[in-house]
Protein chains: 2
Amino acid sequence: MSGAGATAAILIIGNEILSGRTQDVNVKFIAGRLSARGIKLREVRVVPDEEDAIIAAARALSGAYTYVFSTGGIGPTHDDITAACMAKAFGATLEINAEAKARMAARCAERGVPLTEGRLRMTRVPAGAALIDNPVSIAPGFKISNVYVMAGIPDIMQAMFLTLEPGLAQGAPVLSRSVSGRMLESEIAAPLEEIQKQYPDVDIGSYPALGKDDPHVSIVLRAVDEQRLSAAMELVLEMAKGFDPAVAVI
Amino acid sequence: MSGAGATAAILIIGNEILSGRTQDVNVKFIAGRLSARGIKLREVRVVPDEEDAIIAAARALSGAYTYVFSTGGIGPTHDDITAACMAKAFGATLEINAEAKARMAARCAERGVPLTEGRLRMTRVPAGAALIDNPVSIAPGFKISNVYVMAGIPDIMQAMFLTLEPGLAQGAPVLSRSVSGRMLESEIAAPLEEIQKQYPDVDIGSYPALGKDDPHVSIVLRAVDEQRLSAAMELVLEMAKGFDPAVAVI
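Please read all numbers here as calculations on a predicted model, not as lab measurements.

A. Just the relation of the copies chain B and chain A, in detail. Once turned by 180° and shifted 0.0 Å along the axis, chain B lies on chain A with an RMSD of 0.0 Å. The symmetry that links the two subunits is that of a two-fold axis. The C-alpha atom lying nearest the rotation axis in chain B is that of Arg 45 of chain B; the distance is 2.3 Å. Comparing interface residues between copies, 100% of those in chain B also sit at the interface in chain A, which points to an isologous, same-surface contact.

Next up, the structure:
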């Protein structure tokens, strides 16, 4: 499957993000993996653990992009409602998945713990959905329609993502180069815009960082075509050296 | 102004977040401040630095919530298109703001640097918008309709937010307590759900953390009413002590 034009969105289901209690780190991980695979991440949404909000966002993103990756809300407690919401969003019934239950039962037997109601709850999956393996703690994620539903805990989410990743489209990876130095954005703005105009197929971004009276800017160039990227990079580098001869290249 | 029912969304304008290059930290800061002020953060969206995406998201969020806080894209370089997009989104013209220009000119004179095209670009604001002071680097943010448009650099964004914050609604702050201990979510799920049913006005969340064979769970209770919060907390604490007598209370 070609990744040309494959797009993606991330849906974070997380009261703990919206309350400011937890720092999300899942977006950066998924975004980096998608970027390396040439899949364009076009949108991220964070919504509360509420049925209407989850269903509306899942449907909107599913209709707009090739893939949706959701994280959070698939645990065993009362506030974990993602599986039920995804079933509703795509018109499926939520049921105990035989394979997921078998895996959970085997793990319980292995550890000598009972297959409680709570553990069983984590094996409920929308009918027809494909399981996403959970190498860390057994309870699986699942794929329904074009939505990959994963855990919110970063370690588990990452393990799940790595198991599903080979099934995603493979696009031309986006190559990236960057130049960082002691420059002022307001001074490089005009020459940088000229370079961008010459290389519309190279995405040139300028990111200032604050330092105490020591302003630094990182200029990031991203493109699929290595030759075009290098050519644009040469112009940016020459321009940047006019402001800071000791500019760093990454 | 009463904050009863005041809601908010955050709009992050950021290719650098969607590419996985940069870890967003603005959401956590704004979310924490809003939470303390009793304003409910209901949604976060991250969109690329593209006109259509920015305008569509700004309009959608502006229509759905009391406040929208945007970060990113108000610098002087070609990839900073937020001010122009916000003007378009709300039918205003983009123009050099006299007050912003005066501040920028004064700063330039003070530092003996020229008022370049790039610096002037940062004084363009939609007509009729109110300025948001920038105590760090002069170039202001602005408020148009119910959208507060801020810089993306965390230090500057935070300084801007603190200057605008007194103008926001003041709601009853959401109080929070939490219990953390060696528990399994699948085992506390049933008793915790019982407590949630008794206290529907207390928002009870369960957040597992992975440890090597040492699973911990944080149970977070959030409510406006301190007495109801304390009563629910007592039940949660008693329940948690049944699993881990050394449970920690925060």
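B. Spotlight on the interface of chain B and chain A. Opposite the 59 residues of chain B that make contact, chain A presents 59 residues. Taking both partners together, chain B and chain A bury about 4,800 Å²; carbon and sulfur atoms supply 55% of that area. There are 4 salt bridges connecting chain B and chain A. The interface formed by chain B and chain A contains 18 residue pairs in polar contact (both at pLDDT 80 or more). If you list the elements that add at least two residues to the side of chain B that touches chain A, you get helix H1 (15–18), helix H2 (26–36), strand E2 (40–47), helix H6 (117–121), helix H7 (154–164), helix H8 (185–198), strand E10 (203–209) and strand E11 (216–223) of chain B. For the side of chain B that touches chain A, the residue count by class is 23 nonpolar, 17 polar and 19 charged. With 3 bridges joining them, strand E2 (residues 40–47) of chain A and E2 of chain B adopt antiparallel strand pairing. Bridged to Val 46 of chain A within E2 of chain B is Val 44 of chain B.

C. Broad picture of the packing of helix H3 (residues 51–64) of chain B against helix H4 (residues 82–89) of chain B. Residues and elements named next belong to chain B. Between H3 and H4, the least distance of the axes is 9 Å, while the angle of their chain directions is 50°. For the element pair H3 / H4, the angle class is oblique. Helix-helix and strand crossings are classified by hand; for H3 and H4 the assignment is right-handed. Contacts between H3 and H4 pair Glu 51, Ile 54, Ile 55, Ala 58 and Arg 59 from the former with Cys 85, Met 86, Lys 88 and Ala 89 from the latter. Here the residues of the contact of H3 with H4 are counted per class, giving 6 nonpolar, no polar and 3 charged.

D. Broad picture of the pattern of salt bridges. Residue and element names in this part refer to chain B. This structure, assessed with the given rule, holds 18 salt bridges over all chains. Ionic pairing is found between Glu 43 and Arg 45, a salt bridge with its closest N-O pair at 2.6 Å. A residue is classified by how much of its surface remains accessible, and Arg 45, at 12% relative accessible area, is buried.

Rules of the game
- The numbering scheme is per chain: residues are counted from 1 as the chain's sequence reads.
- Chain letters start at A and ligand numbers start at 1, both assigned in the order the entries are written.
- Reporting in this predicted model follows two pLDDT cut-offs: at least 70 for local features of residues, and 80 or more for side-chain atom pairs to be given and counted; totals over whole chains, interfaces and linings ignore these cut-offs and use all residues.
- As a rule here, side-chain values come from all non-hydrogen atoms in the structure, and water together with hydrogens is ignored.
- Only residues with pLDDT of at least 70 in both copies contribute their C-alpha atoms to the least-squares superposition of the copies.
- Contacts are assigned to residue pairs that have any heavy atoms within 4.5 Å of one another.
- Accessible area that two parts lose when put together, with a 1.4 Å probe and added across both, is what the buried area reports.
- We define a salt bridge as a side-chain nitrogen of Lys or Arg found within 4 Å of a carboxyl oxygen belonging to Asp or Glu.
- Counting of polar contacts relies on pairs of N or O atoms within 3.5 Å, with two restrictions inside protein: one atom must be capable of donating a hydrogen and the other of accepting it, and residues adjacent in sequence are counted only when both atoms are side-chain atoms.
- Helix and strand definitions follow DSSP, with helices as H or I runs of at least four residues and strands as E runs of at least two, each counted in order from the N terminus.
- Asp, Glu, Lys and Arg are counted as charged, while Ala, Val, Leu, Ile, Met, Phe, Trp, Tyr, Cys and Pro are counted as nonpolar; the rest, among them Gly, fall into the polar class.
- Strands pair, by our definition, only if DSSP identifies at least two bridges between them.
- Simply put, an axis is a line fit to the C-alpha atoms, just over the touching stretch for a helix, and the angle between two N-to-C directions goes from 0 to 180 degrees.
- Orientation labels follow simple angle bins: below 35 degrees gives roughly parallel, above 145 gives roughly antiparallel, 65 to 115 gives roughly perpendicular, and whatever is left gives oblique.
- In this scheme, a crossing is called left-handed if the near helix is turned counterclockwise away from the far one by less than a right angle; it is called right-handed if the turn is clockwise.
- Under the scheme applied here, a residue whose accessible area is under 20% of the maximum for its type counts as buried, over 50% as exposed, and between as partly exposed, the area being computed with a 1.4 Å probe on protein chains only.

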